[in-house]
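Listed below are the residues making up each chain.
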Amino acid sequence: SAAADSSWFADGLTEEVIAALAEVPGLTVISRTSAMHYRDTKLPLREIAEELRVAHVLEGSVRRSGTRVRITAQLIEARGDRHLWAQSFDEELRDILSVQEQIARRVAQALEVELGDRGSTTLVRARTSDPEAYDLYRRARYLWNTRTREGHQRAAELYGQAIARDSSFADAWAGLAVTHLTSIQVNVNVLPPDEEYARAKFAVERALALDDKSADAHATYGIAMHWQHNWPGWERALKRALELNPNHSPAHSWYGLLLSGMGRPDEALREHRRATELDPFSVTALSNYGWACYLSRDYVCAVEQLTRTTDLGGTYGWGRGYQRLALTYVQLGRLDDALAAVRKAIAASPERPDYIADLAYVHARRGERAAAVEALRRAATQPFEPFSIGRAWVALGNADSAFVWLDRG
């Protein structure tokens, strides 16, 4: 969209079409994060397709005027730069859901994909009949994707307003749930973690009651099960999400984390590879892939994936990526690189006690006992990360203190 104040709407339309096509059997669709990476690019379509390893590209534009919207869309075979289909839509905003369905269906037909019963159902699944509730939902999604504290707070407010207008709007309930969850994951939560998770669980259960075929809701429910330490429940929820949408990159990534924790490293790496194939510019997917490599003791793979994470930047990508790089460098004996990496993690998120505890761990492995003890003192004065602190005490050779913190964890 040429208008800055309509970018949230263009992003929303993109996301909805991606979501619809991702659930069509037979299609592999690149996730939103990586698609948005090319929003303002000048790269030729052939280069974009090669970077993403796709055969076709869907591009378009949005123009809003009052209550009307004009959308143009075209589907291009990238290798031959051949137009397979193009169309313009000039509609009232209240009909936008119908337009999204039309675009997704025409693309699928142009690709000669056999939709089948489930595909056809996916493309016509109603979300809300209230255009203002949908407008609030799209604005909330846009703000949530900023991954900032202010963005999360405002997104939660807008989801609440959408639900107030249409309490049967399942996607708004699912969006509210994932907002509470990611606020903890990216360390921007305002409420205590227990309360954030309790609100997330309530919202996602409501979403599932309203729409049991929402892949997002099932994936989010899985994370709620994780918080309750319900590993079988987490696995069931993620498998259901992937059954509904095999292109759901976050579900593949989360499932990989679960499989690593269950001692199934080969399966975990397979899920992480799939997540990054579907979303190659997602710092979360890349970071989790690198961590799975670390847990499998494939430190070369870990460095490769985590370096890709930090190269993409962003506060979350930098902090988590550099923290995990530091731990990997320790295992490789590259202690100078480990110290530089953990310092970059702390620079990105100075308030994270686990990063400060990992600084203590690196100092301890370098034989810098005084610096390690000072960092541990700093880490323990904040809401603490007992495992990371315990690991640092292990590196210092103090088993008693290590057991105190590990027992607390």
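Residues numbered from 1 in each chain as written. Predicted model: local features only at pLDDT ≥ 70, side-chain atom pairs only at ≥ 80, totals over all residues. Heavy atoms only, no water.

Draft legend 1. Local environment of the overall build of the protein. Each helix and strand in the protein was counted, giving 21 helices and 3 strands. A compact globule built from 409 residues should have a C-alpha radius of gyration of about 22 Å, and the protein, at 23 Å, falls within 12% of that. Taking the principal axes of the C-alpha coordinates as reference, the protein spans close to 70 × 50 × 40 Å. For the protein, the proportion of its 409 residues judged to be buried stands at 51%. Residue pairs in contact within the protein that sit at least 24 positions apart in sequence constitute 52% of those at least 6 positions apart. For the protein, the accessible area works out to roughly 19,000 Å², and carbon and sulfur atoms hold 50% of it. Looking at charge distribution, the protein has the averaged site of its 50 positive side-chain charges lying 2 Å from that of its 54 negative ones. (Helix = DSSP H or I, 4+ residues; strand = E, 2+ residues; numbered from the N terminus. Rg over C-alpha atoms; globule rule 2.2 N^0.38 Å. Buried < 20%, exposed > 50% of the residue type's maximum accessible area, 1.4 Å probe, protein only. Contact = heavy atoms within 4.5 Å. Areas by Shrake-Rupley, 256 points an atom, 1.4 Å probe, with all protein chains shown as cover. Lys, Arg positive; Asp, Glu negative; His and termini not counted. Charge placed at Lys NZ, Arg CZ, Asp CG, Glu CD.)

Draft legend 2. Representation of the pattern of salt bridges. With the rule as written, the count across this model stands at 23 salt bridges. Between Arg68 and Asp90 there is a salt bridge, with the nearest N and O atoms lying 3.6 Å from each other. Of this pair, Arg68 sits in strand β2 (residues 68-77) while Asp90 is found in strand β3 (residues 82-92), placing the two residues 22 residues apart along the sequence. When its relative accessible area of 34% is taken as the criterion, Arg68 is described as partly exposed. What makes Asp90 partly exposed here is its relative accessible area of 41%. Close ionic contact of Glu368 with Arg366 constitutes a salt bridge, the shortest N to O distance being 3.0 Å. Judged by its relative accessible area of 26%, Glu368 falls in the partly exposed class. (Salt bridge = Lys/Arg side-chain N within 4 Å of Asp/Glu carboxyl O.)

Draft legend 3. Spatial organisation of the packing of helix α7 (residues 149-165) against helix α8 (residues 170-185). Viewed as axis vectors pointing N to C, α7 and α8 meet at an angle of 160°, and their least axial separation amounts to 9 Å. Between α7 and α8, the crossing angle belongs to the class labelled roughly antiparallel. Classified by chirality, the crossing of α8 by α7 is left-handed. Here α7 contributes His152, Ala155, Ala156, Tyr159, Ala162 and Ile163 to the contact with α8, which in turn contributes Ala172, Trp173, Gly175, Leu176, Thr179, Thr182 and Ser183. Class assignment for the residues of the contact of α7 with α8 results in 8 nonpolar, 5 polar and no charged. (Axes fitted to C-alpha atoms, helices over the stretch in contact; angles between N-to-C directions. Parallel < 35°, antiparallel > 145°, perpendicular 65-115°, else oblique. Left-handed = near helix turned anticlockwise from the far one by under 90°. Nonpolar A, V, L, I, M, F, W, Y, C, P; charged D, E, K, R; others polar.)

Draft legend 4. Examining the side chain of Asp279 more closely. By secondary structure assignment, the location of Asp279 is in the loop between α13 (265-278) and α14 (283-295). Comment: no salt bridge for buried Asp279; closest opposite-charge side chain is Arg32, at 7.8 Å. Polar contacts involving the side chain of Asp279 include one to the side chain of Ser34, which spans 2.6 Å. Those residues in contact with Asp279, other than ones at most four positions away along the chain, are Ser31, Thr33, Ser34, Ser249 and Ala285. (Polar contact = N/O pair within 3.5 Å; in protein donor to acceptor, adjacent residues only side chain to side chain.)

Draft legend 5. Geometry of the state of the cysteines. Enumeration according to the criterion identifies 1 disulfide in this entry. Linked covalently through their sulfurs, Cys293 and Cys301 form a disulfide whose S-S length is 2.1 Å. Taking relative accessible area as the criterion, Cys293 reaches 0% and is therefore assigned buried. (Disulfide = S-S within 2.5 Å.)

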